[in-house]
Amino acid sequence: MAGSCVTTMKYEKAILAEYAQNKSLYLQLEEYVAGILEDMMKSEKVMLMDLTHRLKTPDSLAKKIIKKDKYRLLTDITDVVGFRLIAYFADDVDKIASLVAQRFLMDWSNTVDKSAALSPTAFGYSSLHYVCSLPEEGPYTDYPSAFKGIRFEIQIRTSLQHVWAEIEHDLGYKSEFGLPRNIRREFSRIAGLLEIADERFNAIRTNVGTYTLEIRDQIKNGCGTDILVDQVSLKEFMYNNVRMQDLVTQIAASCNTCVEHVDPFPYLKHLEFLGISTLGDLSEMLERNWSSAIRYAKHVLMNVDVDLISSNAVLRYLCYSEMINAGYSESRIEKFMSLSTTNKERIRQSTQALLDRREIIKRNAEI
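Worth saying up front: this structure is predicted, and the values here are computed from it rather than measured.

Here is what the cut-offs are and how they apply
- Residues numbered from 1 in each chain as written.
- Predicted model: local features only at pLDDT ≥ 70, side-chain atom pairs only at ≥ 80, totals over all residues.
- Heavy atoms only, no water.
- Helix = DSSP H or I, 4+ residues; strand = E, 2+ residues; numbered from the N terminus.
- Rg over C-alpha atoms; globule rule 2.2 N^0.38 Å.
- Buried < 20%, exposed > 50% of the residue type's maximum accessible area, 1.4 Å probe, protein only.
- Contact = heavy atoms within 4.5 Å.
- Areas by Shrake-Rupley, 256 points an atom, 1.4 Å probe, with all protein chains shown as cover.
- Phe/Tyr/Trp six-rings, centres within 6.5 Å; stacked < 30°, edge-to-face > 60°.
- Lys NZ or Arg CZ within 6 Å of the ring centre and 35° of its normal.
- Axes fitted to C-alpha atoms, helices over the stretch in contact; angles between N-to-C directions.
- Parallel < 35°, antiparallel > 145°, perpendicular 65-115°, else oblique.
- Left-handed = near helix turned anticlockwise from the far one by under 90°.
- Nonpolar A, V, L, I, M, F, W, Y, C, P; charged D, E, K, R; others polar.
- 1 Å grid on protein atoms, 1.4 Å probe; cavity = no way out; pocket = protein on both sides within 12 Å on 5 of 7 lines; lining within 4 Å.
- Points joined across faces, edges and corners; volume = space filled by probe spheres on them.
- Polar contact = N/O pair within 3.5 Å; in protein donor to acceptor, adjacent residues only side chain to side chain.
- Core = buried A, V, L, I, M, F, W, Y, C linked by side-chain atoms within 4.5 Å.

Q: What is the right way to read the overall build of the protein from this model?
A: Of the regular secondary structure elements, the protein holds 15 helices and 8 strands. The globule rule puts the C-alpha radius of gyration for 367 residues at 21 Å, and the 30 Å found for the protein is more than 25% above it. With respect to the three principal axes, the spread of C-alpha positions in the protein is 100 × 55 × 45 Å. The buried share of the protein, reckoned over its 367 residues, is 41%. Taking all contacts inside the protein whose residues are at least 6 apart in sequence as the whole, residues at least 24 apart take part in 74%. Total accessible area on the protein stands at roughly 20600 Å², and carbon and sulfur atoms take up 51% of it.

Listed below in structure tokens is the structure:
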């Protein structure tokens, strides 16, 4: 036993000396791989909650060497450099894993899928721990030769898996063994709930994607007048309804500017205030205020030098035209303006500006 401790201490000292000598190389590798991962996520449009990376400290390295009692060289340790990618959805974990496997040289013998490693009755929560190195052949070999063969770990998990891992780490419970039965039961219940939540969030995203495509198809085909106005349907209407696009284009052309498409989500409450509940209602409001909205936009923007006009500005002009043409009182217009700000002076100024321009909106001239 004493001999084993002496041997471990000997290797610990040698590995830590090797670490100190090569620390700058590992730091360079850390930054290089972090850049690759960031570029991969951007190019593949994978939305992450977080991407972190770290180099093990000498203290952390020493504890690992003593605990495992199997390392003889620094290169035996696979997570001297570590990366963690936290995705919002379980599907993205699979996508990231596939991208990592395609981009790096995988050490499958040391790679761990914790969900597969757990027994069916064990508590705990899964994540992927991939051990990789930079490829030694193929298109991605243009890197410093000193990086060749150095392994690093990439952890991939969902945000809920991350929450579980952090709480588990904080409580210090790494195993189901040795815990009281009631605590094991609580861990199992929570882990099951989190796993179900991950699955349901994934399903919700899939359902939203399907709903979006269905709405888009109906709008492009001139249907869907009975579709309720919500965040998805309003955005698709603004982007894909032919008449709305014509209005946006005409107003932009009249100002000799370009259009910036912006998510119209903030205007959901404004449309509700105006009694617009379906896309059919919105289409009717568009038709009856078409000319007024263009006149109003021309007047407001005629002496303004703008490079871009927001699609939301067009929707705002449409709402203003609706209120004036429908004979809204000053107090009702103030309530509409208060949906955008709580600043009383701004509400008063915006209301008065609209009332001052009401004749422009109500004019019956053809566009």
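Q: I tried to follow the packing of aromatic side chains on my own but got confused; where do I start?
A: To describe a pair of aromatic rings, you give the distance between the ring centres and the angle between the ring planes. According to the stated counting rule, one finds 10 aromatic pairs in the structure shown. Each ring, one from Tyr32 and one from Phe147, has its centre 5.7 Å from the other, and the planes form 50°; the classification is tilted. Here Tyr32 is found in helix α1 (residues 2-43), whereas its partner Phe147 is found in the loop between β5 (128-133) and β6 (152-158), with 115 residues between them in sequence. Overall, Phe147 belongs to the buried group, its relative accessible area being 2%. With a centroid separation of 5.8 Å and 90° between ring planes, the pair formed by Tyr296 and Tyr320 is classed as edge-to-face. Of the two residues, Tyr296 is situated in helix α11 (residues 290-301) and Tyr320 in helix α12 (residues 311-325); the sequence distance between them amounts to 24 residues. One aromatic cluster is present, formed by Phe273, Tyr296, Tyr317, Tyr320, Tyr328 and Phe336 through successive ring pairs. Directly above the aromatic system of Phe104 lies the positively charged group of Arg103, at a separation of 5.6 Å from the ring centroid. Between the NZ or CZ atom of Arg243 and the centre of the ring of Trp290, over which it lies, the distance is 3.8 Å.

Q: Looking at this model, I keep getting lost on unusual backbone geometry. Mind explaining?
A: Negative phi values dominate among residues other than glycine, just as trans dominates among peptide bonds. Unlike most non-glycine residues, Lys45 shows phi in positive territory, near 55°. On the secondary structure map, Lys45 appears in the loop between α1 and β1 (48-55). Here Asp69, not a glycine, exhibits a phi torsion of approximately 50°, which is positive. Assignment of secondary structure puts Asp69 in the loop between α2 (58-68) and β2 (81-87).

Q: What exactly am I supposed to notice about the packing of helix α6 (residues 181-220) against helix α7 (residues 231-240) here?
A: Closest axis-to-axis distance for the α6/α7 pair is 9 Å, and the angle between their directions is 40°. Considered as vectors, α6 and α7 are oriented oblique to each other. The hand of the α6/α7 crossing is right-handed. Facing α6, whose interface residues are Val208, Tyr211, Thr212, Ile215, Arg216, Ile219 and Lys220, α7 presents Val232, Ser233, Glu236, Phe237 and Asn240. Residue classes in the contact of α6 with α7 are distributed as 6 nonpolar, 3 polar and 3 charged.

Q: For this particular structure, what's the right way to read the packing of helix α5 (residues 159-171) against α6?
A: When two helices pack together, their arrangement is given by the angle between the helix axes and by the axis-to-axis distance. Contact geometry for α5 and α6: axes closest at 10 Å, N-to-C directions at 160°. It follows from the interaxial angle that α5 and α6 lie roughly antiparallel. The chirality of how α5 crosses α6 is right-handed. The residues of α6 that touch α5, namely those facing Leu160, Gln161, Trp164, Glu168 and Leu171, are Phe187, Ile190, Ala191, Leu194, Ala197, Asp198 and Phe201. The residue inventory of the contact of α5 with α6, partitioned by class, reads 9 nonpolar, 1 polar and 2 charged.

Q: Is there a simple way to explain empty space enclosed by the protein in this structure?
A: The rolling of a water-molecule-sized probe over the atoms marks out the regions of remaining empty space. Applying the stated criterion to the full structure yields 1 cavity of 30 Å³ or more. Every residue along the wall of the largest cavity is listed here: Tyr26, Leu74, Thr75, Ile77, Val80, Gly149, Ile150 and Arg151. Across the lining of the largest cavity, the residue classes break down as 5 nonpolar, 2 polar and 1 charged.

Q: So what exactly am I meant to see when it comes to the side chain of Ser292 here?
A: Inspection of the secondary structure assignment puts Ser292 in helix α11. With a relative accessible area of 7%, Ser292 lands in the buried category. In this structure the side chain of Ser292 is engaged in a polar contact, spanning 2.9 Å, whose partner is the backbone oxygen of Ile361. Here Ser292 is in contact with Ser321, Asn325 and Ile361, once residues within four sequence places are set aside.

Q: It is not clear to me how the nonpolar core should be interpreted in this structure. Could you clarify?
A: Within soluble globular proteins, side chains that are nonpolar tend to cluster in buried spots. In terms of nonpolar packing, the biggest core is built from 46 residues, with Leu247 and Leu354 touching the most fellow members. The leading source of residues in this core is α12, at 9 residues. The contacts of Leu247, once residues within four sequence positions are left out, are Leu286, Trp290, Ile294, Val314 and Leu318. Counting residues in each nonpolar core, the second largest holds 41 residues, with Ile15, Leu25, Tyr26 and Val33 among its members.

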